[in-house]
Amino acid sequence: MGHSIKLDDIATRLRFSPENTKKLLEIFYTSSKTILEHITEATKNNDFESIHRNAHSLKGSASNLLFTHISDIAKEMEEAASKQEKRAYKEDVARIESLLKNTEIV
Amino acid sequence: MIGIVFVSFSIYQIVSDSFFKLVDLNSNYTQQYKSLKNIQTLQNFIIHIQKMRGLTNIYLNNRSFDFEFIQVQQVRLDEELNRILFVQKLNNDYYLENQVRIIAKELKKIAKLDGEAASTKFYNYTIVIDRIISLINTISNNIYLEKDTPKATKLLFELLLNELPFIIENLGNARGITAGNIAQNAKEKNQNISLFKKLILQDIKKVNLKLSAIYRSKKSDDMELKKSIADLEEISHEYLSLLNTQQKRDIHNSSFTFYQYSTKLIDQYNTIYNNLFLMLNKNLTDYYDRKRVEFKIKIATEIVVFILTLILFIYFYTTSLKYVNRIKKAEKAKSNFLSNMSHEIRTPLNAIIGFIKLLQNTQEKEKREHYLAIVDTSSKQLLSIVNDILDFSKMEEKKLRLEMAPFNLKKEMKLLQELFDANAKEKEIKLQLEIANDVPEHVISDQYRLKQIISNLLSNAIKFTPKGGNVTLKLHMRKKLLQICVQDTGIGIAKEKQDLIFKTFSQADETTTRKYGGTGLGLAICNNLVTLFGSKLKLKSSDNEGSKFYFNLSIKACDESFELEEESLDNRTYEGNVLVVEDNLANQFLMQTTLEELNLTVGIANDGIEAVEIIKQNSFDLIFMDENMPNLNGIEATKQIIAYQQENNIKETPIIALTANAKKEAQERFFRAGMKEYLAKPFEHKALHAILKNYLKTKET
């Protein structure tokens, strides 16, 4: 049950060369991991503001790369955090992590 | 209904009440007039009897007095009596006639009695006079003056019916007695004369007072009244002076002279009486005339009000009936629509649910593909129905707006034809597209809504045309307007039903819905959309003879430059130094790579604080500022940068907001902070190029 994303689609959309696109993906993976760590930390401290900011950022970068499944979850987190709602943010983080692992780029 | 009956009944009451009051008024007036006439006649008659009484007294006290005077007076009396009786007969007043007959009899009796003493005769005459006076009183007691009779009239009435007759009789009586005493050369004659003088003085005062009161309360200047008062005063003074100077001579010696002078005075009172009576009659007539007119106006107004109220009632009643009917019809149509709708919605939804279940239970690739295709179609169908409903409710709330943009008309119409070709082929229907030569290729309009209208018309045409029929989409210019029409050779629409189908929730009839399916909203939405375009959807059709739906658009032609824009962007590059302020690494890389590919040099700041520092040390041509950053957000950083540059007289670097938030409040915040524009994330290349073109030098290759 994995997602697959076409590299060509991303490249066309961004008007990047394939090399740049690959590089972008790598950077995306790294920065997303960092963001998820920030969110986990913020969840422990009930820092809704931080969760909101980070989720917003993740949402944006994920949607640039057509990772709509990830950006959707990020959007949910962002909206919940803006209303200071209690939510299982940990689970969201876990889902996104698994998606990052299981998405294949073709 | 009850309201109308109640109101009309009460108005009838009011009107008939006024009407009867008017009738009463008239009869009251007639009666009053008659009674007053009678009173006046009787009062004048009293004068004659008084004269008779006086003269007789003189004669009986001094037989040397010329009897001829008395005879003449007797004749006059009889004549007057007969006249009265005659008039009474004409008036049919039996009571009065009777009374007058009795008086006549008594007068005859008194005239005949010869051997009577003077005083007895005098007394008998007085009794008759009293009888007449009480008759007058009886009549006057039955006279009813309306409450709103003017004060002057009321005073006049009192004066004439009470005081003047009283004064006249007193004077007459005094005259008679005094004349008799003078004739007799009685000892009391001086006393009598003095008494007579006193009476006169008293009476003049009284009458004057009363007349002045009347004069005051009457607003108009009455010459008659003034003259009467003046005359009375004149004669009274004349008489008094006469009495004073000639006291010792003529009057003391001649009873007849006294009598004559006195009579002159009394006659003057009588003249005044008659004049005032005329005045009273005139007043009363005026009053009644006025009242009559008032009543007539009142009745007329009431009738008018009644008619108006009736009209209003009927109007409101029928309008409310119509309104209630309309509401009932609308509700019925709505509930019909809802029941149709739930069927239309449930059918594809059930298919989706059902086939998903099947999908879950099968792994066969062929079967799965088949089921997925059905789910796909059903969900699209469901979406279209839901869109119809949403569109329609947006229209009802008048929230729908056209978005004008240039597009290739011919290309889009061809696409539509291709889209419906499959549908048409299924029923072996020939679908044709005819575009006249003078139709412009590129136009500015709302292509999505236009296509929505045409799609709806095409799908209806195909739906309602039997196998082997024809459907044509025709575009041609008519005067300066573009006419778009969809013609089919289908079942047609009867003239009676044509109005109906444009209204919502109805197709030509319910059997059509059941046979052909559909929400019934399509044409209503089409109609509303066409109206939004400023046109009117028209229909030419009759039963079983096909239908032609058409409308005329005023459309603006344009050139193909908009198409080129898309392509030319690819070759464009810019010159300059750009700072990207963004905390997300991937986004940084994205922006940097994009801008570098456009030949720009790019600097990166990880948050607001870094951005401010970098600006202090370097100069950039343009800054892209992300909104949400840690440590210092985009808005604050912008404010600081602008402040710094202003303080140090550095040329302002334009700052562009990078934001996922396109709401109006957000936009205002950016502009207030000093940002020049905003670029929505994820950004469109067109939008990026528009901004770069605005603030940087272009280089086209």
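Please read these numbers as outputs of a predicted model, since none were measured by experiment.

The rules behind each value
Residues numbered from 1 in each chain as written. Chains lettered and ligands numbered in written order. Predicted model: local features only at pLDDT ≥ 70, side-chain atom pairs only at ≥ 80, totals over all residues. Heavy atoms only, no water. Pairing = 2+ DSSP bridges. Helix = DSSP H or I, 4+ residues; strand = E, 2+ residues; numbered from the N terminus. Axes fitted to C-alpha atoms, helices over the stretch in contact; angles between N-to-C directions. Contact = heavy atoms within 4.5 Å. Buried < 20%, exposed > 50% of the residue type's maximum accessible area, 1.4 Å probe, protein only. Core = buried A, V, L, I, M, F, W, Y, C linked by side-chain atoms within 4.5 Å. Salt bridge = Lys/Arg side-chain N within 4 Å of Asp/Glu carboxyl O. Parallel < 35°, antiparallel > 145°, perpendicular 65-115°, else oblique. Left-handed = near helix turned anticlockwise from the far one by under 90°. Nonpolar A, V, L, I, M, F, W, Y, C, P; charged D, E, K, R; others polar. Buried area = accessible area lost by both parts, 1.4 Å probe. Polar contact = N/O pair within 3.5 Å; in protein donor to acceptor, adjacent residues only side chain to side chain. Phe/Tyr/Trp six-rings, centres within 6.5 Å; stacked < 30°, edge-to-face > 60°.

(A) Representation of the sheet that holds strand β12 (residues 622-626) of chain B within the structure. Residue and element names in this part refer to chain B. The five strands are arranged β11-β10-β12-β13-β14 in an open sheet whose pairing can be described as parallel. Looking at the sheet topology across the chains shown, the edges are occupied by β11 (601-605) and β14 (677-680). Adjacent strand axes in the sheet meet at a mean angle of 25 degrees when their direction is disregarded. Strand contacts of helix α17 (residues 585-597): β10 (577-581), β11, β12 and β13 (655-659), with the helix running at about 165 degrees to β11, the strand carrying the most contacts.

(B) Local environment of the sheet that holds strand β6 (residues 538-541) of chain B. Residues and elements named next belong to chain B. One open sheet holds the five strands; their spatial order is β2-β4-β5-β7-β6, and the pairing between them is mixed. The sheet is open, and its two edges are formed by β2 (430-435) and β6, each paired on a single side. Pairs of neighbouring strands in the sheet enclose a mean axial angle of 15 degrees, with direction left out of account. Bridge count between β2 and strand β4 (residues 470-478): six bridges; the pairing is parallel. By the bridge assignment, I435 is partnered in β4 with L475. The sheet strands contacting helix α13 (residues 495-502) are β6 and β7 (547-553), and the helix crosses β6 at an angle near 150 degrees.

(C) Main features of the pairing of strand β5 (residues 481-488) of chain B. All names here are of chain B. Burial of β5 is extensive: six of the eight residues sit out of reach of the surface. Summarising the sheet, β4 and β5 pair through eight bridges and their orientation is antiparallel. Across the sheet, the residue bridging to M477 is L482, located in β5. Hairpin connection of β4 to β5: two residues between the antiparallel strands, including K479 at a positive phi of 55 degrees. By the bridge criterion, seven bridges tie β5 to β7 in an arrangement that is antiparallel. Looking across to β7, one finds that D488 is bridged to S547.

(D) Local environment of the nonpolar core. The biggest cluster of nonpolar side chains holds 83 residues, and the ones touching the most others in it are F45(B), I49(B), L107(B), I132(B), L160(B), Y269(B) and L276(B). Mapped by element, the contributors of at least two residues to this core are α1 (2-61), α2 (67-91), α3 (94-112), α4 (118-141), α5 (151-184), α6 (189-217), α7 (223-245) and α9 (255-360) of chain B. Excluding anything up to four places from it in sequence, I49(B) contacts L77(B), L107(B), Y125(B), V128(B), I129(B) and I132(B). Ranked by size, the runner-up nonpolar core spans 51 residues in total, among them I10(A), I96(A), Y574(B) and A586(B).

(E) Structural context of the pattern of salt bridges. Residue and element names in this part refer to chain B. Taken as a whole, this structure holds 22 salt bridges over all chains when the rule is applied. The residue R53 makes a salt bridge to E169 at a minimum N-O spacing of 3.2 Å. Of this pair, R53 sits in helix α1 while E169 sits in helix α5, and the two are 116 residues apart along the sequence. A salt bridge links E627 to R669; the shortest N-O distance between them is 3.4 Å. Of this pair, E627 sits in the loop between β12 and α19 (634-647) while R669 sits in helix α20 (residues 664-673), placing them 42 residues apart in sequence.

(F) Representation of the packing of helix α11 (residues 409-426) of chain B against helix α12 (residues 447-463) of chain B within the structure. Residue and element names in this part refer to chain B. Contact pair α11 / α12: the axes reach a minimum separation of 11 Å and the direction vectors enclose 30 degrees. When the axes of α11 and α12 are compared, the pair comes out roughly parallel. In the crossing of α11 with α12, the sense of the turn from one axis to the other is right-handed. When α11 is examined against α12, the residues L409, E412, M413, L416, F420, N423 and A424 are found in contact with a partner set consisting of Q447, L450, K451, I454, S455, L458, S459 and I462. Among the residues forming the contact of α11 with α12, the class breakdown is nine nonpolar, four polar and two charged.

(G) Quick look at the interface of chain A and chain B. Facing 22 residues of chain A, the contacting portion of chain B comprises 17 residues. Interface area for chain A against chain B, summed over the two sides, is near 1800 Å², with a carbon-plus-sulfur share of 59%. The tally of links from chain A across to chain B stands at zero salt bridges. Between chain A and chain B we count five residue pairs in polar contact (both at pLDDT 80 or more) in total. Counting residues per element, the ones that place at least two in the side of chain A that touches chain B are α1 (7-14), α2 (18-44) and α3 (48-64) of chain A. The element best represented in the side of chain A that touches chain B is α3(A), accounting for 10 residues. Taken together, the residues of the side of chain A that touches chain B sort by class into seven nonpolar, 10 polar and five charged.

(H) Structural context of helix α15 (residues 522-532) of chain B. The buried fraction of α15(B) amounts to eight of the 11 residues, a majority that puts the element mostly inside the structure. Downstream of α15(B) by one or two residues, G534(B) has phi in the positive range, about 90 degrees.

(I) Structural detail: the side chain of Q43(B). When you line up the elements, Q43(B) lands in helix α1. Once you skip the residues sitting within four places of it in the chain, Q43(B) turns out to touch I136(B), P165(B), I168(B) and Y273(B).

(J) Quick look at the packing of aromatic side chains. Residue and element names in this part refer to chain B. Across all of its chains, the model carries 10 aromatic pairs over all chains by this definition. Taking the centre distance of 4.7 Å and the plane angle of 50 degrees together, the rings of Y29 and Y288 count as tilted. Pair noted here: Y29 is in helix α1 and Y288 is in helix α9, with a separation of 259 residues, a long-range link. Residue class for Y288 comes out buried when judged on its relative accessible area of 1%.

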